[in-house]
Amino acid sequence: MLTKRISFAIMALVIMTSAGCGFKLQRSYQIPAALTQLSLSSSDEYSELTRLVRERLRLNNIQVVSPARDVPVLKLITDSLERTTLSLYPTGNVAEYELIYFAEIAVVLPGKEVQPFKIEIRRDYLDDPRTALAKSREMELLVREMRIQAADRIIQSMASIEVN
(Lines give C-alpha, C1' and ligand atoms only; values in the text may rest on other atoms or scores of the structure.)
Protein backbone atom coordinates (compact mmCIF):
# COMPACT_ATOMS: atom_id res chain seq x y z
CA MET A 1 0.00 0.00 0.00
CA LEU A 2 2.84 2.37 0.87
CA THR A 3 4.68 1.57 -2.36
CA LYS A 4 1.53 2.39 -4.36
CA ARG A 5 1.32 5.81 -2.73
CA ILE A 6 5.02 6.47 -3.26
CA SER A 7 4.86 5.46 -6.92
CA PHE A 8 1.73 7.62 -7.37
CA ALA A 9 3.48 10.59 -5.76
CA ILE A 10 6.56 10.11 -7.96
CA MET A 11 4.40 9.86 -11.09
CA ALA A 12 2.47 13.01 -10.14
CA LEU A 13 5.75 14.84 -9.49
CA VAL A 14 7.14 13.79 -12.90
CA ILE A 15 3.97 14.94 -14.68
CA MET A 16 3.90 18.29 -12.89
CA THR A 17 7.61 18.86 -13.52
CA SER A 18 7.36 18.07 -17.23
CA ALA A 19 4.28 20.31 -17.60
CA GLY A 20 5.94 23.15 -15.69
CA CYS A 21 9.08 23.19 -17.83
CA GLY A 22 7.15 23.79 -21.07
CA PHE A 23 7.33 20.20 -22.33
CA LYS A 24 4.72 19.44 -25.00
CA LEU A 25 4.01 16.35 -27.02
CA GLN A 26 5.13 16.52 -30.63
CA ARG A 27 2.59 18.07 -33.00
CA SER A 28 0.75 19.66 -30.09
CA TYR A 29 0.55 23.36 -30.89
CA GLN A 30 -1.27 26.32 -29.36
CA ILE A 31 -3.00 27.84 -32.38
CA PRO A 32 -4.35 31.37 -31.80
CA ALA A 33 -8.13 31.48 -31.36
CA ALA A 34 -8.46 33.75 -34.42
CA LEU A 35 -7.14 30.88 -36.56
CA THR A 36 -9.45 28.11 -35.34
CA GLN A 37 -11.56 28.71 -38.44
CA LEU A 38 -9.86 29.45 -41.73
CA SER A 39 -10.02 29.05 -45.46
CA LEU A 40 -7.37 26.96 -47.22
CA SER A 41 -6.20 28.16 -50.61
CA SER A 42 -3.87 26.13 -52.81
CA SER A 43 -2.79 26.23 -56.43
CA ASP A 44 -3.30 22.45 -56.52
CA GLU A 45 -6.19 21.33 -54.30
CA TYR A 46 -5.29 17.66 -54.84
CA SER A 47 -1.57 17.79 -54.13
CA GLU A 48 -0.07 15.66 -51.40
CA LEU A 49 1.02 18.74 -49.42
CA THR A 50 -2.51 20.19 -49.50
CA ARG A 51 -3.93 16.87 -48.31
CA LEU A 52 -1.37 16.64 -45.49
CA VAL A 53 -2.03 20.23 -44.38
CA ARG A 54 -5.80 19.58 -44.32
CA GLU A 55 -5.16 16.52 -42.17
CA ARG A 56 -2.92 18.50 -39.77
CA LEU A 57 -5.51 21.28 -39.52
CA ARG A 58 -8.18 18.73 -38.62
CA LEU A 59 -5.92 17.11 -36.02
CA ASN A 60 -5.35 20.54 -34.42
CA ASN A 61 -9.10 21.27 -34.30
CA ILE A 62 -8.94 23.94 -36.99
CA GLN A 63 -12.06 24.07 -39.09
CA VAL A 64 -11.59 24.65 -42.83
CA VAL A 65 -14.45 26.80 -44.14
CA SER A 66 -15.40 28.47 -47.40
CA PRO A 67 -13.68 31.77 -48.21
CA ALA A 68 -15.33 34.86 -46.74
CA ARG A 69 -14.31 38.45 -45.97
CA ASP A 70 -13.91 37.94 -42.23
CA VAL A 71 -12.21 34.51 -42.38
CA PRO A 72 -8.41 34.12 -42.23
CA VAL A 73 -6.82 32.42 -45.23
CA LEU A 74 -3.93 29.95 -45.28
CA LYS A 75 -2.41 30.14 -48.77
CA LEU A 76 -0.20 27.30 -49.96
CA ILE A 77 1.61 29.30 -52.61
CA THR A 78 4.14 26.83 -53.94
CA ASP A 79 6.09 23.70 -53.13
CA SER A 80 8.99 22.23 -55.07
CA LEU A 81 11.77 19.70 -54.85
CA GLU A 82 15.33 20.34 -55.97
CA ARG A 83 18.17 17.87 -56.23
CA THR A 84 21.84 18.85 -56.16
CA THR A 85 24.88 16.62 -56.55
CA LEU A 86 27.05 16.22 -53.46
CA SER A 87 29.57 13.59 -54.58
CA LEU A 88 30.55 11.36 -57.51
CA TYR A 89 31.86 7.83 -57.92
CA PRO A 90 35.29 7.51 -59.59
CA THR A 91 33.39 6.47 -62.74
CA GLY A 92 31.65 9.84 -62.88
CA ASN A 93 28.22 8.58 -61.76
CA VAL A 94 26.47 10.48 -59.00
CA ALA A 95 27.02 8.89 -55.60
CA GLU A 96 25.15 11.28 -53.33
CA TYR A 97 22.42 13.88 -53.80
CA GLU A 98 21.00 16.52 -51.54
CA LEU A 99 17.22 16.78 -51.76
CA ILE A 100 15.82 20.20 -50.91
CA TYR A 101 12.08 20.60 -50.45
CA PHE A 102 10.71 24.16 -50.49
CA ALA A 103 7.26 25.29 -49.45
CA GLU A 104 6.04 28.85 -49.46
CA ILE A 105 2.89 29.82 -47.57
CA ALA A 106 1.13 32.95 -46.42
CA VAL A 107 -1.42 33.61 -43.71
CA VAL A 108 -3.86 36.43 -44.46
CA LEU A 109 -5.77 37.78 -41.48
CA PRO A 110 -8.78 40.01 -42.25
CA GLY A 111 -7.72 43.65 -42.23
CA LYS A 112 -4.07 42.80 -41.51
CA GLU A 113 -0.89 42.52 -43.51
CA VAL A 114 -0.04 39.22 -45.22
CA GLN A 115 2.36 37.09 -43.17
CA PRO A 116 4.59 35.01 -45.47
CA PHE A 117 6.56 31.94 -44.42
CA LYS A 118 9.20 29.92 -46.26
CA ILE A 119 9.93 26.34 -45.31
CA GLU A 120 13.01 24.47 -46.42
CA ILE A 121 13.81 20.85 -45.62
CA ARG A 122 17.03 19.11 -46.63
CA ARG A 123 17.95 15.43 -46.82
CA ASP A 124 20.95 13.54 -48.17
CA TYR A 125 20.29 10.67 -50.54
CA LEU A 126 22.86 8.02 -51.49
CA ASP A 127 22.42 6.72 -55.02
CA ASP A 128 23.55 3.32 -56.24
CA PRO A 129 22.91 2.57 -59.92
CA ARG A 130 23.06 -1.20 -59.22
CA THR A 131 19.90 -1.01 -57.09
CA ALA A 132 17.88 1.50 -59.12
CA LEU A 133 14.43 0.13 -58.25
CA ALA A 134 15.06 0.07 -54.50
CA LYS A 135 16.67 3.51 -54.61
CA SER A 136 13.74 5.05 -56.49
CA ARG A 137 11.38 3.67 -53.82
CA GLU A 138 13.66 5.06 -51.11
CA MET A 139 13.58 8.47 -52.76
CA GLU A 140 9.76 8.40 -52.92
CA LEU A 141 9.66 7.66 -49.20
CA LEU A 142 12.14 10.45 -48.44
CA VAL A 143 10.12 12.98 -50.41
CA ARG A 144 6.92 11.89 -48.64
CA GLU A 145 8.63 12.25 -45.27
CA MET A 146 9.82 15.73 -46.26
CA ARG A 147 6.26 16.74 -47.20
CA ILE A 148 4.97 15.46 -43.86
CA GLN A 149 7.61 17.51 -42.08
CA ALA A 150 6.67 20.56 -44.19
CA ALA A 151 2.99 20.15 -43.23
CA ASP A 152 3.99 19.98 -39.56
CA ARG A 153 6.10 23.12 -39.94
CA ILE A 154 3.18 24.93 -41.57
CA ILE A 155 1.04 24.26 -38.50
CA GLN A 156 3.98 25.23 -36.28
CA SER A 157 4.29 28.51 -38.23
CA MET A 158 0.61 29.20 -37.66
CA ALA A 159 1.13 28.70 -33.93
CA SER A 160 3.83 31.38 -33.97
CA ILE A 161 1.53 34.06 -35.44
CA GLU A 162 0.65 36.86 -33.07
CA VAL A 163 -2.89 38.07 -33.54
CA ASN A 164 -3.50 41.51 -32.04
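Before any of the text, the structure's been laid out above.
Owing to the predicted nature of the structure, the values given are computational and were not obtained by experimental measurement.

## Describing helix H3 (residues 132-159)
Each turn of an α-helix holds 3.6 residues, which means side chains three or four residues apart point in the same direction.
Consideration 1: Between its first and last C-alpha atoms H3 spans 41 Å; for 28 residues at 1.5 Å apiece the expected length is 40 Å, and the two agree.
Consideration 2: Within the span of H3, buried status applies to Lys 135, Met 139, Leu 142, Val 143, Met 146, Ala 150, Ala 151, Asp 152, Ile 154, Ile 155, Ser 157 and Met 158.
Consideration 3: Here the buried face of H3 lies against strand S1 (37-42), helix H2 (48-59), strand S3 (73-88), strand S4 (94-108) and strand S5 (115-126).

## A word on H2
Consideration 1: Over its twelve residues, H2 extends 17 Å from the first C-alpha to the last, a length consistent with the 16 Å expected when each residue adds 1.5 Å.
Consideration 2: For H2, the complete set of buried residues consists of Leu 49, Thr 50, Leu 52, Val 53, Arg 56 and Leu 57. One side of H2 holds all its buried residues, which, seen down the axis, span an arc of 165°. Set apart from the buried face of H2 by more than 90 degrees, the exposed residues are Arg 58 and Leu 59.
Consideration 3: Among the structural elements, S1, strand S2 (63-64), S3, S4 and H3 are those in contact with the buried residues of H2.
Consideration 4: One or two residues past the end of H2 sits Asn 61, with phi positive at roughly 55°.

## A look at the sheet that holds S3
Consideration 1: Strand order in the open sheet formed by five strands is S2-S1-S3-S4-S5, and the pairing between neighbours is mixed. In this open sheet, the two edge strands, each paired with only one partner strand, are S2 and S5.
Consideration 2: The pairing of S4 with S5 spans twelve bridges and is antiparallel. What sits directly across from Glu 96, in S5, is Leu 126.
Consideration 3: Running over the sheet, H2 touches S1, S2, S3 and S4 and is turned about 175° from S1.

## A word on the pairing of S1
Consideration 1: As defined by bridge partners, S1 adjoins S2 across two bridges and the pair is classed as parallel. Across the sheet, the residue bridging to Gln 37 is Gln 63, located in S2.
Consideration 2: Regarding topology, H2 serves as the crossover connection from S1 to the parallel S2, and that connection is right-handed.
Consideration 3: As paired elements, S1 and S3 share four bridges and run parallel to each other. Directly across from Leu 40, in S3, lies its bridge partner Leu 74.

## So, the environment of Arg 137
Consideration 1: Here Arg 137 is to be found in helix H3.
Consideration 2: Taking relative accessible area as the criterion, Arg 137 reaches 47% and is therefore assigned partly exposed.

Thresholds applied
- Residues numbered from 1 in each chain as written.
- Predicted model: local features only at pLDDT ≥ 70, side-chain atom pairs only at ≥ 80, totals over all residues.
- Heavy atoms only, no water.
- Helix = DSSP H or I, 4+ residues; strand = E, 2+ residues; numbered from the N terminus.
- Expected span 1.5 Å × (residues − 1).
- Buried < 20%, exposed > 50% of the residue type's maximum accessible area, 1.4 Å probe, protein only.
- Contact = heavy atoms within 4.5 Å.
- Arc of directions from axis to C-beta.
- Pairing = 2+ DSSP bridges.
- Axes fitted to C-alpha atoms, helices over the stretch in contact; angles between N-to-C directions.
- Right-handed = clockwise from strand over helix to strand, strands pointing away.

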